[in-house]
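Listed below, chain by chain, are the residues.
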Amino acid sequence: MTTLSSGFARARRWLRGHPLAFDAALAFGTLAAMICGSFTAPGDGHGPPAFGARTPELFSVLLMTLSAAALVLRRRRPMQVLAVTGALSVVEYVLMEPPAPVVMGTVIALYTVASRTDRPTTWRVGLLTTVAVTATAMLFGSTPWYSQENFAVFAWTGLAGAAGDAVRSRRAFVDAIRERAERAERTREEEARRRVAEERLRIARDLHDVVAHHIALVNVQAGVAAHVMDKRPDQAKEALAHVRDASRSALNELRVTVGLLRQQGDPEAPTEPAPGLAVLGELVDTFRNAGLPVEVACADRDRLPAAVDLAAYRVIQEALTNVRKHAGAAVRAEVSVVRVGATVEVTVLDNGRGSAGRRPGTGPVGGDGTGGIAPRPRAATGGDAHAGAGAGVYGEEPESGGHGLVGMRERVTALGGALTAGPRYGGGFRVHAILPVEARTGEPERPGTAGGTGIRR
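Cut-offs applied
- Residues numbered from 1 in each chain as written.
- Predicted model: local features only at pLDDT ≥ 70, side-chain atom pairs only at ≥ 80, totals over all residues.
- Heavy atoms only, no water.
- Helix = DSSP H or I, 4+ residues; strand = E, 2+ residues; numbered from the N terminus.
- Expected span 1.5 Å × (residues − 1).
- Buried < 20%, exposed > 50% of the residue type's maximum accessible area, 1.4 Å probe, protein only.
- Arc of directions from axis to C-beta.
- Patch = residues over 30% accessible without salt bridge, like charges linked within 9 Å, V, L, I, M, F, W, Y side chains within 5 Å.
- Areas by Shrake-Rupley, 256 points an atom, 1.4 Å probe, with all protein chains shown as cover.
- Salt bridge = Lys/Arg side-chain N within 4 Å of Asp/Glu carboxyl O.
- Lys, Arg positive; Asp, Glu negative; His and termini not counted.
- Charge placed at Lys NZ, Arg CZ, Asp CG, Glu CD.
- Core = buried A, V, L, I, M, F, W, Y, C linked by side-chain atoms within 4.5 Å.
- Contact = heavy atoms within 4.5 Å.
- Axes fitted to C-alpha atoms, helices over the stretch in contact; angles between N-to-C directions.
- Left-handed = near helix turned anticlockwise from the far one by under 90°.
- Nonpolar A, V, L, I, M, F, W, Y, C, P; charged D, E, K, R; others polar.
- pLDDT = per-residue confidence, 0-100.
- Pairing = 2+ DSSP bridges.
- Parallel < 35°, antiparallel > 145°, perpendicular 65-115°, else oblique.

(A) Representation of helix α2 (residues 19–38). Helix length check: α2, at 20 residues, gives a terminal C-alpha distance of 28 Å against a target of 28 Å (1.5 Å per residue), a fit within 8%. Those residues of α2 that sit buried are Asp 23, Ala 27, Thr 30, Leu 31, Met 34 and Ser 38. When α2 is viewed along its axis, its buried side chains cluster within an angular range of 105° and face the same direction.

Here it is in C-alpha cells:
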C-alpha cells in the first residue's frame, strides 16, 4: 500500500510539472468516455439506457475527436477551446439524431474558463454557453424539450461553471494566505534586523561613554605623573593611584556592558546595577582628582526610571569628559539636575576657552578672563553641536572620529527628550538635556537612583 501511494504521489508531481501531458491524457480519457456514451441509446421513459443499442455515425466520431483534441490546448487558449467545443456540440445536436455526447468537451472547457478567469466573466460566458447548448438540444432534439437528457445538459454545464468558480476562489484564497505569510516573514526579519541594529547602537554608546571618560582621566593623570616624576615623586604616586582607580572603574563598567552580550547559560553573569545619579558623587570625585573643579547641585530627590537615570548620568559623564579634554587650563564646571514638572533638566556648564587658548569656531581670545568667546546666535542641537561650533568641540575631534555629542543626543531623543549643546554667551560651553520622567521605554523604576546627591557640593 505504501509503494502504491508513493507511486501515485510521484505520478501527480510529474503531471503537475508537465501540464500539457496531463491535458493530453485528459483529452484521451474524454474521447474514450464520449465514444462509450455514443453506443448507449436513451431509455424510452420506462427503463434505463441500453448500451450497444446503437452505433455512432462516422460524422459524430469526427466531431467527438475534434472536441477532445481541442481540450489539449484548454490551459493556453481557454476561451477559444470553449468556443470550438461549444460549436461542435451545437452542430452535433442540429445534424445528428440521436446526438452523441459531444457536449462533454464543452463541459470540461467551461470548467477551465471558470477556474482561470474572474467571476463576472464566468457568469457571462457560462450563462451564454448553457443557454446556447440547452436551447439547441431542446429545439432540435427528437425527444421532448422537457426530457431528462435536455435537463442533464443544463445541469452539467451549470455545474461545470460553478465548480470552476469554486476552484478559482479557493486558489485565490490559498495564494492570499501564502502571500500574507511571506509578507509577515519579511516583516519579522526586518523587525529583527532593526532591533539588532538598535541594540548594537546602544552598546556602542555605552562603550564610548565608559572608554572616553576613563581613558581621558588616565591620560591626564599619566601626563601629570610623567611631569612630576623626578621633582615630586609623592605627587607622581598620587597621580598613578588615580590612574589605577580610573582603570579599575573602566574595567568594571566594561564588564557590565559586555555582560549584555552574554548568552543564556553563561556562568557568572554580571549583577552590578547600571550607574546612575546615585553614584554621581563618585563620578565627580574622579574629575576633581584629575584637576577639574566641579560644583554639583542636584535638587531632584525623587526616584527616576532606570532609563532616565542612566541617560542623565551618561550625559553628565560625557559632558565633563569633554570639558576636561577640550576646555583648556584653569577651567571650572558646574552640574545641575533639577526636576521641572514631568521632566528632569540636566545642565553642565564650564568657563573654558578651548585648547590652545581658543575654542574652535569661536572668536579670538580676550584678556578679560572670560576667554573672549564671541557668542553664537543659538546653540546647536544634539549631535550637530560640534558642527555648529567647529571641529574639535567637546570631544568631537575630527581626527579621532568622536561621537560624544551624537551619543548624548541619541540617548536623550530615544527617551522622548531634547538636548542642546553650544557656546555660552560670555564664554564657555553649555550642555542642556531635558528628559521626561515617564520614559518611552517603559522600563521599571529602580529605587534609590536619585538619593544621595541632593546636596550642593
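(B) Quick look at a positive patch on the surface. A cluster of basic residues, Arg 10, Arg 12, Arg 13 and Arg 16, forms a positive patch on the protein surface. Relative to the elements of secondary structure, Arg 12 occurs in helix α1 (residues 2–17). Arg 12 sits in the partly exposed class, given a relative accessible area of 45%.

(C) Structural context of helix α5 (residues 103–116). End to end, α5 covers 20 Å across 14 residues, agreeing with the expected 20 Å (1.5 Å per residue, within 8%). The buried count for α5 comes to 11 of 14 residues, which makes it a mostly enclosed element. Taken residue by residue, α5 has Val 103, Gly 105, Thr 106, Val 107, Ile 108, Ala 109, Leu 110, Thr 112, Val 113, Ala 114 and Ser 115 as its buried positions.

(D) Main features of the nonpolar core. By size, the foremost hydrophobic cluster in this structure holds 45 residues, and its most contacted members are Val 294, Val 315, Ile 316, Leu 320, Val 346, Leu 419 and Val 431. No other element matches the 10 residues that helix α10 (residues 306–326) contributes to this core. Beyond its immediate chain neighbours, meaning those up to four positions away, Val 315 contacts Val 346, Met 408, Val 412, Leu 419, Val 431 and Ala 433.

(E) Representation of the packing of α2 against α5 in the model. Where α2 contacts α5, the two axes come as close as 9 Å, and the packing angle between them is 145°. When the axes of α2 and α5 are compared, the crossing they make is right-handed. Seen from α2, the contacting residues are Leu 26, Thr 30, Ala 33 and Met 34; seen from α5, they are Met 104, Gly 105 and Ile 108. Here the residues of the contact of α2 with α5 are counted per class, giving five nonpolar, two polar and no charged.

(F) Representation of the confidence of the model for the protein in the model. Overall, the predicted model of the protein reaches an average pLDDT of 75, with 74% of residues at or above 70. When mean pLDDT is compared element by element in the protein, strand β8 (residues 429–436) scores highest at 92, while helix α11 (residues 385–389) scores lowest at 35. Note on residues 441–457: pLDDT is under 50 here. Beyond four places in sequence and across chains, it has 46 contacts.

(G) Broad picture of the pattern of salt bridges. For the coordinates displayed, the defined rule picks out 11 salt bridges. Note that Arg 119 and Asp 165 form a salt bridge whose closest N and O atoms lie 2.9 Å from each other. Of this pair, Arg 119 sits in helix α6 (residues 119–140) while Asp 165 sits in helix α7 (residues 148–228), and the two are 46 residues apart along the sequence. For Arg 119, a relative accessible area of 40% puts it in the partly exposed group. A relative accessible area of 14% means that Asp 165 is categorised as buried. In this structure, the salt-bridge partner of Glu 179 is Arg 183, at a minimum N-O distance of 2.5 Å. Residue Glu 179 and its partner Arg 183 are located together in helix α7, separated by four residues, close to a single helical turn. With relative accessibility at 36%, the residue Arg 183 sits in the partly exposed group. Several salt bridges share partner residues, and in doing so they unite Glu 191, Arg 194, Arg 195 and Glu 198 into one network.

(H) Broad picture of the pairing of β8. Within β8, six of the eight residues are buried, which leaves it mostly tucked inside the rest of the structure. When strand β7 (residues 418–423) meets β8, the two strands line up antiparallel, connected through six bridges. The partner of Gly 422 across the bridge, within β8, is Arg 430. Counted along the chain from β7 to the antiparallel partner β8, the turn is five residues long, and its residue Gly 426 has a positive phi close to 90°.

(I) Layout of the packing of α10 against helix α12 (residues 404–414). Contact pair α10 / α12: the axes reach a minimum separation of 10 Å and the direction vectors enclose 165°. Here α10 is positioned roughly antiparallel relative to α12, judged by the angle of their axes. Relative to α12, the crossing made by α10 is left-handed. For the pair formed by α10 and α12, the contact residues are Leu 310, Arg 314, Val 315, Glu 318, Ala 319 and Asn 322 on the first element and Gly 404, Met 408, Arg 411 and Val 412 on the second. The residue inventory of the contact of α10 with α12, partitioned by class, reads five nonpolar, two polar and three charged.

(J) Here's a closer look at a nonpolar patch on the surface. On the surface, a cluster of nonpolar side chains totalling about 740 Å² of accessible area is made up of Phe 59, Leu 62, Leu 66, Val 91, Val 94, Leu 95, Leu 139 and Phe 140. Taken together, the elements giving at least two residues each to the nonpolar patch come down to α3 (58–70), α4 (78–95) and α6. Inspection of the secondary structure puts Leu 95 in helix α4. We classify Leu 95 as exposed; its relative accessible area is 55%.

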